[in-house]
Amino acid sequence: MSVNHDISVPNLDPERTLELVLEAVAELVDYELAVVLSLDSSDTLRVRKAAGPLHDERLSGFSLSLADRGDIAGILRAGKPKLFSEDEEHVDTYEQILDLPAGHSCMVAPLVVAGKPIGLLTLDHRSCGMFTPGIVRFIATISRLISLSLAKADQVESLAMVNADLVRERNALLTPGYEPIAGMVGSSAVWTKAVEALRLVAGSELPVLILGETGTGKELAARSVHRLSGRASKPFVAINCSALAPSLAESELFGHEKGSFTGAQSLRRGRFELADGGTLFLDEIGDLPLDLQPKLLRALQEGSFERLGGEKPVRVNVRVVAATHVDLEAAVSKGRFRADLYYRLSVFPVTLPPLRERHGDVVLIAERFVASIRERPGMEKLTLGDDAIPEIESRTWPGNIRELRNALERAAILARGARITAEHLIEFRPPLTTGGGPFEGRSVDRPAPQPPITTQPMAVLQPRSLAQAQREAIRSALVSSGGKVYGPGGAAELLGMKPSTLQSAMKRLGINKNSAVRGEEEQRG
């Protein structure tokens, strides 16, 4: 006996459960309109879910007050289903929206939990005599299940709102050392502004568009958004749109049914389904094939799609974070990217600055990479030499953080796990040449090295040692924090260090927090 391990249980939210229950009722009760209404604290019934051939979009915003409908209020108090006879006069529940013929079949059933009415189920059919006493008894039973589903939906919605508030409050109190953002190293103003924007939007359900040059850490930022959100315990699924083969792109994103094309020997779930309940990261969204963009837009707007070769819609609950290094507005103007998809994705854009604009951060990031490499076997004694600091600071790093990391990885090997010198870093600078064609053998101009950031005149610039660089970074953070070391806004937070580690470094480097702040004030004076 073989077991199919590919069978997956869908992630059903309470709203989807209500929808499935109404679909199941339709198999036993021939209705043309079924509506579930919830009762709020102001004694107002509001439509939560509707199904059937007579379903009208206007029903989604429909509500009625029990103060104006004493007949329905009486049915709710009685707590039993009510089948209106053909000759019984009554006001149609949805007379403002639907024009149903006189004598049509109409039944209402209170939704009750623990003796308390929480809503109402209504069933309508344009023909008369469609609902028999047996159906009334069946609805009396099934309404209990619908009541539980509705109560669960209200509870989940309430908890989701509370959770969202707690996530936002937590994110506002986080320090750079907190694990979900621990890799976001840096204390420069432009970087701090970008991280703050990520923390702010993470607690919402809005789509996020992360902009920035190649190598600025866009995927790391996307993962931080996921870890800081209410979806942190759910999947984070990443896909690089520039790596999608045009012929397989739709299958990768939305999956395919068995036999949908040659080679499709079984059902395959796409990235949207794999990310259900969590976050889908669409890297290099600007390279997404144009013919696939309408389907992505629909999935974002409706939360549903069809697998390739499928007919039934697949519903998912996914938060999308997208990233790109290209100018999407320019792509829209040139017809390479849909304007409606761009506006859907760019609800909250966050731009990550290139490394050359993050003054003072490059040394902190380099030290973090070296510390990471030092944890590997044979690299326990790896350090940055004093002459390596000015070399690192003088480079513009057109490849940004990725280029810096690659340079240090290579330098660590050349240094044989000992001290990284400027020579090891210089050796990493290969001539940028093309591999063939009309440009073969021609070097590509690289940006000229920039001098280190300093307050001294250019004529007296001197290479800084590692200790000097650390001392200046700490003093700058102490000045920015007003001499505060611990807590929010403290120097330790600005530097992404543990306060105890910062205190040890200050003692080793002979830094007094009061002297650092006083010295800066005297210079300003």
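Residues numbered from 1 in each chain as written. Predicted model: local features only at pLDDT ≥ 70, side-chain atom pairs only at ≥ 80, totals over all residues. Heavy atoms only, no water.

### As for the overall build of the chain
Stage number 1. Scanning the chain for helices and strands turns up 18 helices and 15 strands.
Stage number 2. Looking at the 525 residues of the chain, the share that counts as buried comes to 43%.
Stage number 3. When the accessible surface of the chain is summed, it comes to about 28200 Å², and 52% of that surface belongs to carbon and sulfur atoms. (Helix = DSSP H or I, 4+ residues; strand = E, 2+ residues; numbered from the N terminus. Buried < 20%, exposed > 50% of the residue type's maximum accessible area, 1.4 Å probe, protein only. Areas by Shrake-Rupley, 256 points an atom, 1.4 Å probe, with all protein chains shown as cover.)

### Examining the side chain of Glu273
Stage number 1. By the element assignment, Glu273 lies in helix α7 (residues 271-274).
Stage number 2. Aside from chain neighbours lying at most four places away, what touches Glu273 is Phe254, Phe305, Arg307, Val314 and Val316. (Contact = heavy atoms within 4.5 Å.)

### Regarding the sheet that holds strand β5 (residues 105-113)
Stage number 1. One open sheet accounts for six strands, arranged β3-β2-β1-β6-β5-β4; its pairing is antiparallel. The sheet is open, and its two borders are formed by β3 (63-65) and β4 (82-84), each paired with just one other strand. Strand-to-strand twist across the sheet, computed as the mean angle between neighbouring axes with direction ignored, equals 25°.
Stage number 2. As judged from the six bridges shared by strand β1 (residues 33-39) and strand β2 (residues 44-51), these two strands associate in the antiparallel manner. Paired with Val35 across the bridge in β2 is Ala50.
Stage number 3. Sheet contacts for helix α2 (residues 70-78): β2, β3, β4, β5 and β6 (116-125); angle to β6, the most-contacted strand, approximately 120°. (Pairing = 2+ DSSP bridges. Axes fitted to C-alpha atoms, helices over the stretch in contact; angles between N-to-C directions.)

### With respect to helix α13 (residues 400-414)
Stage number 1. With 15 residues, α13 should cover 21 Å at 1.5 Å per step; its first-to-last C-alpha distance of 21 Å lies within 8% of that length.
Stage number 2. Among the residues of α13, Asn400, Ile401, Glu403, Leu404, Ala407, Leu408, Ala411 and Ala412 are the ones counted as buried.
Stage number 3. Just downstream of α13, Arg416 is the residue with a positive phi angle, here 55°. (Expected span 1.5 Å × (residues − 1).)

### Notes on the packing of helix α11 (residues 361-374) against α13
Stage number 1. Running from amino to carboxyl end, α11 crosses α13 at an angle of 45°, the nearest separation of the two axes being 10 Å. Compared by their axis directions, α11 and α13 come out oblique. As for how α11 packs across α13, the hand of that crossing is right-handed. For the pair α11 and α13, the contacting residues are Val362, Ile365, Ala366, Phe369, Val370, Ser372 and Ile373 in the first and Ile401, Leu404, Arg405, Leu408, Glu409 and Ala412 in the second.
Stage number 2. Considering only residue class, the contact of α11 with α13 consists of 10 nonpolar, one polar and two charged. (Parallel < 35°, antiparallel > 145°, perpendicular 65-115°, else oblique. Left-handed = near helix turned anticlockwise from the far one by under 90°. Nonpolar A, V, L, I, M, F, W, Y, C, P; charged D, E, K, R; others polar.)

### Comments concerning the sheet that holds strand β7 (residues 208-211)
Pairing between the strands of a sheet comes from backbone hydrogen bonds, and it takes one of two forms, parallel or antiparallel.
Stage number 1. Spatially, β8-β9-β12-β7-β13 is the arrangement adopted by the five strands of the open sheet, whose pairing is parallel. Pairing within the sheet leaves two strands with one partner each, and these edge strands are β8 (236-240) and β13 (348-351). The mean inter-strand angle of the sheet, taken between neighbouring strand axes irrespective of direction, is 20°.
Stage number 2. Across five bridges, β8 lies against strand β9 (residues 279-283) in parallel orientation. The residue bridging Phe236 from the neighbouring strand is Thr279, located in β9.
Stage number 3. Against the sheet, helix α5 (residues 218-227) makes contact with β7, β8, β9 and β12 (319-324), and its axis sits at roughly 165° relative to β12, the strand it touches most.

### A few points about the pairing of β5
Stage number 1. By the criterion of burial, β5 is predominantly enclosed, with seven of the nine residues buried.
Stage number 2. The pairing of β4 with β5 spans three bridges and is classified as antiparallel. Following the sheet pairing, Lys82 is matched in β5 by Val108.
Stage number 3. Of the strand pairs in this sheet, β5 and β6 are connected by nine bridges, and their pairing is antiparallel. Counted as the bridge partner of Leu111 is Gly119 from β6.
Stage number 4. Between β5 and β6, which follow one another and run antiparallel, lie two residues, and Ala114 among them has a positive phi close to 55°.

### Let's talk about the packing of aromatic side chains
Stage number 1. The final tally for this structure, using the stated rule, is six aromatic pairs.
Stage number 2. One aromatic cluster is present, built from ring pairs that chain together Phe254, Phe272 and Phe305.
Stage number 3. Above the face of the Phe84 ring, Lys82 is positioned so that its terminal group lies 5.5 Å from the ring centre. (Phe/Tyr/Trp six-rings, centres within 6.5 Å; stacked < 30°, edge-to-face > 60°. Lys NZ or Arg CZ within 6 Å of the ring centre and 35° of its normal.)

### Thoughts on the nonpolar core
Stage number 1. The biggest cluster of nonpolar side chains holds 38 residues, and the ones touching the most others in it are Leu384, Ile392, Leu404, Leu408, Ile420 and Ile474.
Stage number 2. Here this core takes eight residues from α11, the largest share from any one element.
Stage number 3. In terms of nonpolar packing, the next biggest core, distinct from the first, is built from 31 residues, Phe254, Leu280, Val316 and Leu328 among them. (Core = buried A, V, L, I, M, F, W, Y, C linked by side-chain atoms within 4.5 Å.)

### A look at the pattern of salt bridges
Stage number 1. Evaluated as defined, the whole model comprises 24 salt bridges.
Stage number 2. Arg58 is paired through a salt bridge with Asp56; the nearest N and O atoms lie 3.1 Å apart.
Stage number 3. A salt bridge links Glu252 to Arg268, with the shortest nitrogen-to-oxygen separation between them at 3.5 Å. One end of the pair, Glu252, is in helix α6 (residues 249-254); the other, Arg268, is in the loop between α6 and α7, and 16 residues separate them in sequence.
Stage number 4. In the salt-bridge network here, residues are joined through shared partners; they are Glu19, Lys49 and Arg315. (Salt bridge = Lys/Arg side-chain N within 4 Å of Asp/Glu carboxyl O.)

### Looking at the confidence of the model for the chain
Stage number 1. Residue-level pLDDT values for the chain average 80, and 81% of them are 70 or greater.
Stage number 2. Considering only residues more than four positions removed or in separate chains, one finds that residues 170-180, a stretch of pLDDT under 50, has 25 contacts.
Stage number 3. Counting interchain partners and residues more than four positions distant, the pLDDT-below-50 stretch residues 433-463 has 26 contacts. (pLDDT = per-residue confidence, 0-100.)

### Quick word on the environment of Leu509
Stage number 1. Within the secondary structure, Leu509 is located in helix α17 (residues 499-509).
Stage number 2. For the pair Leu509 and Gln470, spaced 39 residues apart in sequence, the C-alpha to C-alpha distance is 8.4 Å.

### Some remarks on the environment of Val21
Stage number 1. Its place among the elements puts Val21 in helix α1 (residues 14-26).
Stage number 2. With 121 residues separating them along the chain, Val21 and Ile142 place their C-alpha atoms 8.8 Å apart.
Stage number 3. The residues touching Val21, leaving out its near neighbours within four places in the chain, are Leu145, Ile146 and Ser149.

### Brief notes about unusual backbone geometry
Stage number 1. You will see that Trp397, though not glycine, has its phi angle at about 50°, which is positive.
Stage number 2. Tracing the sequence through the fold places Trp397 in the loop between α12 (388-394) and α13.
Stage number 3. On the accessibility criterion, Trp397 (2% relative accessible area) is buried.

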